[in-house]
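Residue-level listing of the chains:
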Amino acid sequence: MKRIGQFFKKHWKKFLLAIIIIAVIAAIIYLSFRAYDRYRENLLTDPAWIRENVNFVENDEGVYEVEKDEEISIFSEDYQNIIEEKIDELKDKADYTLEDPLLIHNPFGTGSLSYYLYYTDSDEDLDYKIETEGYSDFEQEISHKDSNEYQLVGFVPGETNTLTLTSGDEEHEFTITTPKSEADIDIQVEVVDGDSEEELTDGLYALLGHDKNYNSNIYLYDNDGVLREEFVLDSYRADRIIFDDDYMYYAYNKKGIIKVNDLGKIEEFYDLGKYSMHHDMVYDEDNNRFVILVNEDGTDTIEDVIITVDLETKKIEKIVDMKDLLPEFYLNAVKPEGKNTYGGYELDWIHLNSLSLIGDDIVLSSRELSTIIYISDAYTDPSVKYLLTDESVTEDTSYGDLLYEKVGDFVPQAGQHSITYYTDETLEDGEYYLYMFNNNYQGARTRPNFDWSNYPGTGTYNEGETSYFYQYKVNENDKTYELVKSFEIPYSSIVSDVEILDGGNIVAGSGKDNSYGEYDNDGNLIRQFNYNSKKYAYRVFKYEFNNLFD
């Protein structure tokens, strides 16, 4: 040790110089990487550079594919407009016919299993059929458009698909090899037929939040359980698809919503600023705005705020903070140990998980309280009109006067999802239906001492006998509600939904069961679909996609 000390003392200047040189080199390397990153960031947002580095390349089957730097995001106005310009350039290069059309695989990047089609020699409606060995056929009819531009979906990923185009007296066949999906997801899900003799409705089932957020695109399955399209998102599951005219609206990340036209082009971006989406958004057609459940940045609570977004001005307005409307529930909540579902420590005291509009009023579902909440004048002067829940929930609060009376002998909803308003001509003024996925789940982390004895048959997070479709008839005239329809659904403690389709069939998604099904109006199963998942799918809706097929 003495010799080492003497050696260091003799050569300390050399050691110091070496350390300085190493530090300088490290700093140069670090600054070089930072400069390169900034240079790349600037390039990736430079329209001229994007235009030079995005091209269409024709493959051996005569189909054009997009060739681009993988870091170029599709989620920008510049990218979408540049793609449209390049499509127009291709259209000008040749006279495309139904026999020899322009076909481009997923040009706008929004639908990984879709193809853009263009031709000029027919003014008839278009029929197309996709045949794939080992899978059922897919057929659609599209009303004629003056532009003769269409987006075709239905191609099976990773397979050779035979496309037949028919318009008027013409019919032509093409061979198209569709790229594999990059997601770890079923191409064919298991199909189990039920006892009902009713037919399935037309449309595609949209799986939202497959594997929670790990495979976060939107996946569309047909009535035979075959994957037919994949809407590409940016790290968020999307909560539902909203249709208006020929456009689709859906969230592509937790702070952004896109407006997508019938060719797959993103035409508008809606930035939510300091708010992050969760669980649900709906469209208020009368006021041309979205109503959205959000988390607000910088607060110590989550899942208790509602905002609106004006579709024309893009103005954001915070309209409801549930802490203001139900402060006693908030103050009585106990902060649980550990992190919340977002990995933070904010208090999830009410856990709003769905909303439905009745004019300017809003009906909310609180999973944490197993309560349905009706808010009057939500846009201008929000207040709680009533609560639908067991009276034990309002103990130790002054909210007992807000309870509507339960008519009949049934167990109230527990941990419910997807509350939806519904009415018909048989009801009197002041009456309407609210239907839901009754999870039948006794979960409430912020109320650890709650007595669940009034909820017999409810399950836990991992175990339970059954969930239910529940439909209440609410009578505001005498302040009552009664259960008018109920049937069993595979148990799912969380993540789930139901919807009544045109014609009366009912679709239910049981996320924790990794299944979804379509039932007839009496609750008899027509067909169930079972999928593989490391976690679960958040919701399953069925849409007709008239924007693509009409």
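Look up a bit, the structure's there.
Quantities reported herein were computed from a predicted structural model and do not represent experimental measurements. (Residues numbered from 1 in each chain as written. Predicted model: local features only at pLDDT ≥ 70, side-chain atom pairs only at ≥ 80, totals over all residues. Heavy atoms only, no water.)

**Digging into the nonpolar core**
In this structure, Tyr128, Leu152, Ile218 and Phe545 are the most contacted members of the largest nonpolar core, which totals 60 residues. By residue number, the principal contributor to this core is helix 3 (residues 77-91), which donates five residues. Setting aside residues up to four positions removed in sequence, Leu152 forms contacts with Leu113, Ser114, Tyr115, Leu117, Leu126, Tyr128, Ile142, Leu163 and Leu165. Residues Leu293, Ile306, Leu369 and Ile373 belong to the second largest nonpolar core, which totals 34 residues. (Core = buried A, V, L, I, M, F, W, Y, C linked by side-chain atoms within 4.5 Å. Buried < 20%, exposed > 50% of the residue type's maximum accessible area, 1.4 Å probe, protein only. Helix = DSSP H or I, 4+ residues; strand = E, 2+ residues; numbered from the N terminus. Contact = heavy atoms within 4.5 Å.)

**Some words on the environment of Tyr119**
On the secondary structure map, Tyr119 appears in the loop between strand 4 (115-118) and strand 5 (126-132). Here Tyr119 falls in the buried class, since its relative accessible area comes to 0%. For Tyr119 and Leu102, which are 17 residues apart along the polypeptide, the C-alpha to C-alpha distance reads 6.5 Å.

**Brief notes about the sheet that holds strand 21 (residues 316-321)**
Taken in spatial order, the four strands make up an open sheet running 18-19-20-21, and their pairing is antiparallel. Looking along the sheet, the strands with just one partner apiece sit at the ends: strand 18 (275-284) and strand 21. Neighbour-to-neighbour, the strand axes of the sheet open up by a mean angle of 25°, direction not taken into account. Examined bridge by bridge, strand 19 (residues 289-296) and strand 20 (residues 305-310) share six bridges and lie antiparallel to one another. Across the sheet, the residue bridging to Val294 is Val305, located in strand 20. (Pairing = 2+ DSSP bridges. Axes fitted to C-alpha atoms, helices over the stretch in contact; angles between N-to-C directions.)

**Thoughts on the sheet that holds strand 6 (residues 138-142)**
The four strands lie next to each other as 6-5-8-9, forming an open sheet whose pairing is antiparallel. One side of each edge strand has no neighbouring strand; the edge strands of this open sheet are strand 6 and strand 9 (170-177). Recorded for the sheet is a direction-independent mean angle of 15° between the axes of neighbouring strands. Two elements, strand 5 and strand 6, share five bridges in a ladder whose sense is antiparallel. What sits directly across from Tyr128, in strand 6, is Gln140.

**Remarks on the packing of aromatic side chains**
Evaluated as defined, the whole model comprises 39 aromatic pairs. Each ring, one from Phe243 and one from Phe545, has its centre 5.5 Å from the other, and the planes form 85°; the classification is edge-to-face. Of the two residues, Phe243 is situated in strand 14 (residues 242-244) and Phe545 in the loop between strand 35 (539-543) and helix 6 (546-549); the sequence distance between them amounts to 302 residues. By relative accessible area, Phe243 is classed as partly exposed at 29%. Ring centres of Tyr543 and Phe545 lie 5.8 Å apart, and the angle between their planes is 85°; on these two criteria the pair is classed as edge-to-face. Residue classification places Tyr543 among the buried positions, given a relative accessible area of 10%. Using a relative accessible area of 2% as the deciding quantity, one classes Phe545 as buried. Following the ring pairs from residue to residue traces out a cluster consisting of Phe231, Phe243, Tyr250, Phe541, Tyr543 and Phe545. Here the guanidinium or amino end of Arg289 rests over the ring plane of Tyr379, the centre of that ring lying 4.2 Å away. (Phe/Tyr/Trp six-rings, centres within 6.5 Å; stacked < 30°, edge-to-face > 60°. Lys NZ or Arg CZ within 6 Å of the ring centre and 35° of its normal.)

**Re the pairing of strand 13 (residues 227-231)**
Burial of strand 13 is extensive: five of the five residues sit out of reach of the surface. The pairing of strand 12 (residues 218-221) with strand 13 spans four bridges and is antiparallel. Its bridge partner being in strand 13, Leu220 is matched across the sheet by Glu229. What sits between the antiparallel neighbours strand 12 and strand 13 is a turn of five residues, in which Gly225 has the positive phi angle 80°.

**A short note on the pairing of strand 19**
With respect to burial, strand 19 is a largely interior element, eight of its eight residues being buried. Side-chain alternation along strand 19 places Arg289, Val291, Leu293 and Asn295 on one buried face and Phe290, Ile292, Val294 and Glu296 on a second face that is also buried. Two strands pair when backbone bridges link them, and strand 18 and strand 19 are joined in this way by seven bridges, in the antiparallel orientation. Among the inter-strand pairings, Val282 is bridged to a residue of strand 19, identified as Val291. Linkage of strand 18 to strand 19, two consecutive antiparallel strands, is achieved through a turn of four residues, within which Asn288 is found at a positive phi near 50°.

**Things to note about a nonpolar patch on the surface**
Among the surface-exposed residues, Leu17, Ile21 and Ile25 lie close enough to one another that they form a single nonpolar patch of about 270 Å² accessible area. By the secondary structure assignment, Leu17 is in helix 1 (residues 2-44). (Patch = residues over 30% accessible without salt bridge, like charges linked within 9 Å, V, L, I, M, F, W, Y side chains within 5 Å. Areas by Shrake-Rupley, 256 points an atom, 1.4 Å probe, with all protein chains shown as cover. Salt bridge = Lys/Arg side-chain N within 4 Å of Asp/Glu carboxyl O.)

**Some words on a negative patch on the surface**
On the surface, Asp202, Asp245, Asp246, Glu285, Asp286, Asp360, Asp377, Asp381, Asp502, Glu544 and Asp550 cluster together into a patch of negative charge. As for its position among the elements, Asp245 is in the loop between strand 14 and strand 15 (247-253). (Lys, Arg positive; Asp, Glu negative; His and termini not counted. Charge placed at Lys NZ, Arg CZ, Asp CG, Glu CD.)

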